[in-house]
Amino acid sequence: ASEVARGADGLAAGVGVCPPLVWLEAVAERLRGGRVALGAQTVSAEAQGAFTGEVSAAMLAQRGCRYAVVGHSERRALYGETDALVARKAAAAQAAGLTPVVCVGETLEERDAGDAERVVLG
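Being a predicted model, the structure only gives us computed values, none of them experimental.

### Details of the nonpolar core
For soluble globular proteins, the rule of thumb is that nonpolar side chains tend to be buried together. In terms of nonpolar packing, the biggest core is built from 16 residues, with Leu 38, Val 43, Leu 60, Cys 65 and Leu 98 touching the most fellow members. Residues in contact with Val 43, not counting those within four places in the same chain, are Glu 54, Val 55, Ser 56, Ala 57, Leu 60, Ala 68, Val 69, Val 70, Lys 89 and Ala 93.

### Considering the state of the cysteines
Evaluated as defined, the whole model comprises 0 disulfides. Considering cysteine sulfurs only, Cys 65 is the nearest to Cys 18, which forms no disulfide, with 7.6 Å between them.

### Here's the deal with the pattern of salt bridges
In total, this model carries 8 salt bridges according to the counting rule given. Linking Glu 81 and Arg 75 is a salt bridge whose minimum nitrogen-to-oxygen distance equals 2.8 Å. Between Arg 111 and Glu 106 there is a salt bridge, with the nearest N and O atoms lying 2.8 Å from each other. Residue Glu 106 is classed as buried on the basis of its relative accessible area of 13%.

Calculation rules
- Residues numbered from 1 in each chain as written.
- Predicted model: local features only at pLDDT ≥ 70, side-chain atom pairs only at ≥ 80, totals over all residues.
- Heavy atoms only, no water.
- Core = buried A, V, L, I, M, F, W, Y, C linked by side-chain atoms within 4.5 Å.
- Buried < 20%, exposed > 50% of the residue type's maximum accessible area, 1.4 Å probe, protein only.
- Contact = heavy atoms within 4.5 Å.
- Disulfide = S-S within 2.5 Å.
- Salt bridge = Lys/Arg side-chain N within 4 Å of Asp/Glu carboxyl O.

What follows is the structure, encoded as structure tokens:
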């Protein structure tokens, strides 16, 4: 289990890493017994079924993941992930006992253009 730290504002914070899927098992082994939690870079919105290439939240939990990143700006921009899909992925993660890390950020181009706050606040 990871150690929870308290920031200056008193809020709890955990520390975790989210490696690419192909390195998940190796990183899990290195982290076992330590204070850093394991997470996944994405998760399927589907709990089960034939979804080739997707990884369910239950599979990630079985491998020791505690977190799953959903809604990353790259996945939104490159794969067309919508807010509705991100919400389904977050719900799937929670249902399997994972904590979803929901991204609401801007693209690099939007940040460079000074539009980060407008994009994030929507």
